[in-house]
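Spelled out, the chains give:
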Amino acid sequence: MYDHRAIEEEWRRTWEQNSIYRTDEDSGKKKCYALVMFPYPSGSGLHVGHARVYIGADIYARMMRMRGYQVLHPMGWDAFGLPAEEYAIKNKQHPQEATARNIAVFKDQISRLGLSYDWDREINTTDPSFYKWTQWIFIQLFKKGLAYESNMPVNWCPSCKTGLANEDLDAGTCERCGSAVERKPMRQWVLRITDYADRLLDDLDTLDDWSDSVKEVQRNWIGRSDGYTIPFAIEPVGSVVDVFTTRPDTLFGCSFIAISPESTLVDTLLKHAENKEEIEAYRTRAHTAKAAETDKAQTGVLAQGISAVHPLTKKNIPVFIADFVLGGYGTGAVFGSPAHDARDFAFAVRYNLSITQVIAGDGDLPLINTPVDAPLIHSGEYDGTPSEQAKPLLANAAGGKKITVYRLQDWVFSRQRYWGEPIPLIHCGKCGVVPVPDKDLPVTLPDVASYEPTGTAESPLAAIEEWVNAPCPQCGGAGKRETNTMPQWAGSSWYHLRYIDPHNSTVLVDSEKEKQWMPVDIYTGGMEHAARHLIYARFWHKVMLDIGVVSTAEPYAALRTVGIVQAEGGGKMSKRLGNVVDPVAVVDAIGADALRVYIAHIAPFSQTVAWDSRAIAGPRRFLERVYALRDRVQDSAPDRALLQLQHETILSVTDDIAVYRFNTAVSSLMILTNALYDADTVPKETYTALIQMLAPFAPYITEVLWRDLGHNESVHLSHFPQGNAESAQRDTVVIAVQVLGKTRGTVTVSRGSNQEIVLRSIAENTALANRTKGLAVKVFVEDRIISFV
RNA sequence: GCCGGAGUGGCGGAAUUGGUAGACGCUCACGACUUAAAAUCGUGUACCCUCGGGGUGUGCGGGUUCGAUUCCCGCCUCCGGCACCA
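Summarised in this report is the structure supplied together with it. Throughout this document, residue positions are counted from 1 along each chain, in the order its sequence is written. Whichever chain is written first becomes A and whichever ligand is written first becomes 1, with later ones labelled in order. Given that the model is predicted, a residue must reach a pLDDT of at least 70 before its local features are reported, and side-chain atom pairs must reach 80 or more before they are shown or counted; all residues, however, enter totals for whole chains, interfaces and linings. To obtain the side-chain values, all non-hydrogen atoms of the structure were used and water was disregarded.

### Let's talk about the side chain of threonine 126
Locating threonine 126 in the fold gives a position in the loop between strand E4 (123-124) and helix H5 (128-143). Only protein chains enter the accessibility calculation, which uses a 1.4 Å probe; a residue is then buried when its area is under 20% of its type maximum, exposed when over 50%, and partly exposed in between. Classification of threonine 126 as buried rests on a relative accessible area of 2%. The helix count covers DSSP runs of H or I at least four residues long, the strand count covers runs of E at least two residues long, and both are numbered beginning at the N terminus.

The following block contains the structure:
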């Protein structure tokens, strides 16, 4: 038994003293920026899920370092956010204090896992020297017109007392606290991410080394859809409503127009409608309704005294204000063609509107998925035209225009909470909204008496008069600071750039260093960030490309997603169920090395796994075996078979780690270890290679064994063994003998044997000779198979 | 409903330019060591049968092929994303 506690303590200290993981900036080497998603340092400490991501990324970083790359493998803290603030409210303590304490705990726990971070580059998003640049980026967005003030209804969480972005919602509830979210019109800052929708979508095709599932999630999230706007004149208002449609071929079936209560058109209608009060009441109710409770039964209110003119038939059509029409999608107005849409059909039935079938087909109405070549009917001169062809014809005839719309909406960027980056703007009565000049950044968070959210469009910062009142940077007159803060996603949208140049106080990142390190070569983290952090970060990156801060179109060249670690037997780990596994406790019990090998070996990295407290014995046994072998090492050369296995293992382990196939890499190392265990002698050469290949997985124990082999320097600074394809070739191969498609046995021949030699071997095997007697060889594949029929 | 991913022993999983299915690990059984147990070491561990042999088998049903976990067609189930998206 090796003493993992003593070993791990000793080497952790040694590594720190010698700073062996400091980033090597030798520009003669190829660079490798191996980034792992930094954590929110929560009070509940490190989870095995964290451990899995960090260990995977670390194994990769360690191998690349040993393969001679200059590796940048940093860690930091995404520390703004609500939990620290909630804690501060409860305990009347500055969130910075709780945050600092949590970071200390997290860092201590992380350091127990044997991770090779360069701590000289540690960053913290709540550090003013960091968020100075988050604010600086916001100002660049503002100056480019990509940040704007809006009064549209937003998602409001009544429990967190703040507005939220669409990305912060989970099926109509607050992603963080689970409360039903309301729609609430309020002043807010919004980022024009939709301006970048096309680039965000199209550039996904350039990300060859991202998993398809993440790209698909982003495509769904952006949700590009091509259609038309069709103008309907409104009488007697005299204005025009543009409706959005992807189905202009059903235009002759149009029996109503529906406008979103959130649309500004409603104000215009109100001036002329006969039932103003009813419409007002409906709109108010729609605005305050909880998103999750929105009536799926499609209600609406008819605008009395108002009608729309059908652009083709010139007939008058009723106009409804209806909450099933989304304010933020398309034009906020649609036309209803009930015969060919389930929702329009239900609406028409409810309000007794006409239903006219305009595309031929059998069956009950509504007829939904009609074929593209189904002919139009009841459509005047277009009768008989196939529906797909009819789309542009009818759209053009109606005066429509082609338009591309997105499901993605602009990013609601302001939060009415304390613990976030202050938005660096000053409101001036004369000059309007003025950005804080660079020289005055960062705008630091002042101390407040109470962190309690106000429940209004202002954050607790609004109560600090001496902070709020600030002279206008432009005219010097009296101004007021913006009191909204940024969402938690702000810092993580660009942090990868700060690791490159963490101590620079004059620029966000030195451009030479940026060119040296970007893009991130491999980014490791959770799938849950696919439609949040990873979209935001790509968006900011493209803006920074446009303003010359960065030099690449994409921030992350390759992406590896980690699977969830479930509780023993499956299901979510939760404190309530008492099934949470504490990685530090596991490290104490069996050692970080065994935990790392276990995590690496248990399943493919991206796959969900259930924790298995029994299976963890295997990796520990494996390490014990490797440790025990040291007493049998001899200075002899490996025999041919062992040398072959040694090189085969080096090649496969190198390949496997490169593509995060840690499970099969560990299997290969176990096979080699078992072979050494069975061998009469343990050749030093083979054992040395084994220790070096194992080093990325088990960094502590391999240091001890490396020292035993007579080395003074760390194994992690040694060079990863080089595999030789020639040596990895086997001398003999086993060939399957198939008769009528069934494998009936095997013969062993030397590699590269031709058919004659194989047939001779078969003849020497009585059973196989009888089986194949009188049959013809159908297929012979060298070194693989011979098939008789 | 739309889009993506996946279904292999008691369990986690391995193998795909089509070529011996079940590597490696866990579990379990038996044996060695021990007064005994643990640990360790050794052997075995897909299923079935009439067991020195034979048959079946990679979610289900078809197909292509000398040969299919791998390719094609049609289903089922599970996981993830989106969803009143016009």
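### Notes on the pairing of strand E23 (residues 478-481)
Pairing between strands requires that DSSP locate at least two bridges from one strand to the other. Where strand E20 (residues 425-428) lies against E23, three bridges are found, and the strand directions are antiparallel. Across the sheet, residue histidine 427 finds its bridge partner in E23, namely lysine 480. In this structure, strand E22 (residues 469-471) lies alongside E23, joined through three bridges in antiparallel fashion. Bridge assignment links alanine 470 to a residue of E23, and that residue is glycine 479. Connecting E22 to the antiparallel partner E23 that follows it, the hairpin turn spans six residues, and glycine 476 within it adopts a positive phi of roughly 80°.

### Side note on the packing of helix H19 (residues 617-629) against helix H22 (residues 684-694)
In this analysis an axis means a line fitted to C-alpha atoms, helices contributing only their contacting stretch, and an angle means the value between N-to-C directions, from 0 to 180 degrees. Interhelical geometry of H19 versus H22 gives an angle of 145° and a closest axis separation of 11 Å. In this structure, the crossing between H19 and H22 has a hand that is left-handed. Contacts from Phe622, Leu623, Val626, Tyr627 and Leu629 of H19 reach H22 at Tyr687, Leu690, Ile691 and Leu694. Note that Gly is not counted as nonpolar here; it falls among the polar residues with everything else outside the nonpolar set of Ala, Val, Leu, Ile, Met, Phe, Trp, Tyr, Cys and Pro and the charged set of Asp, Glu, Lys and Arg. Split by residue class, the contact of H19 with H22 holds nine nonpolar, no polar and no charged. Take the far helix as your reference; a near helix turned counterclockwise from it by less than a right angle gives a left-handed crossing, and one turned clockwise gives a right-handed crossing. Throughout, a contact is declared for two residues whenever any of their heavy atoms are within 4.5 Å.

### Some words on helix H11 (residues 387-397)
Those residues of H11 that sit buried are Ser387, Ala390, Lys391, Leu394 and Ala395. Buried residues of H11 fall within an arc of 125° about the axis and therefore sit on the same side. Opposite its buried face, H11 presents the exposed residues Gln389 and Asn396, each directed more than 90 degrees away. Next to the buried residues of H11 lie strand E12 (224-235). Directions pointing from the helix axis toward each C-beta atom define the arc.

### Quick look at the packing of aromatic side chains
For any pair of aromatic rings, the description rests on two quantities: the centre-to-centre distance and the angle between the ring planes. When the centres of two rings from Phe, Tyr and Trp lie within 6.5 Å, Trp using its six-membered ring, the rings pair. Their planes under 30 degrees apart give stacked, over 60 give edge-to-face, and anything left gives tilted. Across all of its chains, the model carries 40 aromatic pairs by this definition. Their ring planes at 5° and their centres at 3.5 Å tell us that tryptophan 411 and tyrosine 536 sit as a pair that is stacked. In this pair, tryptophan 411 is assigned in strand E19 (residues 411-412) and tyrosine 536 in helix H16 (residues 533-546), connecting sequence segments 125 residues apart. Judged by relative accessible area, tyrosine 536 falls into the buried class, the value being 0%. A ring pair is formed by tyrosine 598 and tryptophan 611, whose centres lie 4.9 Å apart and whose planes are at 70°; its orientation type is edge-to-face. On the criterion of sequence distance, the pair formed by tyrosine 598 in helix H18 (residues 592-602) and tryptophan 611 in the loop between strand E27 (609-610) and H19 is long-range, its members being 13 residues apart.

### Observations regarding the sheet that holds strand E21 (residues 432-435)
The four strands are arranged E21-E20-E23-E22 in an open sheet whose pairing can be described as antiparallel. The sheet is open, and its two edges are formed by E21 and E22, each paired on a single side. Averaged over all neighbouring strand pairs, the angle between strand axes comes to 40°, with direction disregarded.

### Thoughts on the packing of helix H17 (residues 583-590) against H18
H18 packs onto H17 with a crossing angle of 115° between their chain directions and a minimal axis gap of 7 Å. Contacts between H17 and H18 involve Pro583, Val586, Val587 and Ile590 from the first element and Ala592, Ala594 and Leu595 from the second. Partitioning the contact of H17 with H18 into residue classes produces seven nonpolar, no polar and no charged.

### Digging into helix H21 (residues 662-678)
To estimate the expected span of a helix, subtract one from its residue number and multiply by 1.5 Å. The terminal C-alpha atoms of H21, which comprises 17 residues, lie 24 Å apart, in line with the 24 Å expected from a rise of 1.5 Å per residue. Along H21, the residues classified as buried are Phe662, Asn663, Ala665, Val666, Ser668, Leu669, Met670, Leu672, Thr673 and Leu676. Looking at the packing, one finds that the buried side of H21 touches helix H2 (48-66), H18, H19, helix H20 (640-658), strand E29 (682-683) and H22.

### Re the nonpolar core
Here the nonpolar core consists of buried residues drawn from Ala, Val, Leu, Ile, Met, Phe, Trp, Tyr and Cys, with membership extended through side-chain atoms lying within 4.5 Å. If you look at the biggest cluster of nonpolar residues, it comprises 179 residues, and the most contacted ones within it are Trp540, Trp611 and Phe697. With residues near it in sequence (within four places) discarded, tryptophan 540 still touches Thr134, Ile137, Leu141, Leu191, Trp411, Phe413, Ala490, Ser493 and Trp494. The next biggest cluster of nonpolar side chains, apart from the first, holds 36 residues, and it includes Phe232, Ile257, Ile306 and Ile359.

### A closer look at the pattern of salt bridges
Every case where a carboxyl oxygen of Asp or Glu lies within 4 Å of a side-chain nitrogen of Lys or Arg is listed as a salt bridge. Under the definition given, this model contains 41 salt bridges. The partner of aspartate 546 in a salt bridge is arginine 199, with the nearest N and O atoms 2.9 Å apart. With aspartate 546 in helix H16 and arginine 199 in helix H6 (residues 197-202), this residue pair connects regions lying 347 residues apart in the sequence. Given a relative accessible area of 35%, aspartate 546 falls into the partly exposed group. Relative accessible area serves as the criterion here: at 30%, arginine 199 is assigned to the partly exposed category. Residue aspartate 341 pairs with arginine 343 through a salt bridge whose shortest N-O separation is 3.7 Å. One network of salt bridges, with partners in common, ties together Glu85, Glu86, Arg176 and Arg417.

### With respect to the side chain of asparagine 275
Inspection of the secondary structure assignment puts asparagine 275 in the loop between helix H8 (265-272) and helix H9 (276-288). Relative accessible area serves as the criterion here: at 6%, asparagine 275 is assigned to the buried category. For the purposes of these results, a polar contact is taken to be a pair of N or O atoms within 3.5 Å, where, inside protein, one atom must be able to donate a hydrogen and its partner to accept one; residues adjacent in sequence count only when each atom of the pair is a side-chain atom. Reaching out from asparagine 275, the side chain makes a polar contact with the backbone oxygen of leucine 302 at a distance of 2.7 Å. Among the polar contacts listed, one links the side chain of asparagine 275 to the backbone nitrogen of glutamine 304, at a separation of 3.1 Å. Residues in contact with asparagine 275, not counting those within four places in the same chain, are Val301, Leu302, Ala303 and Gln304.

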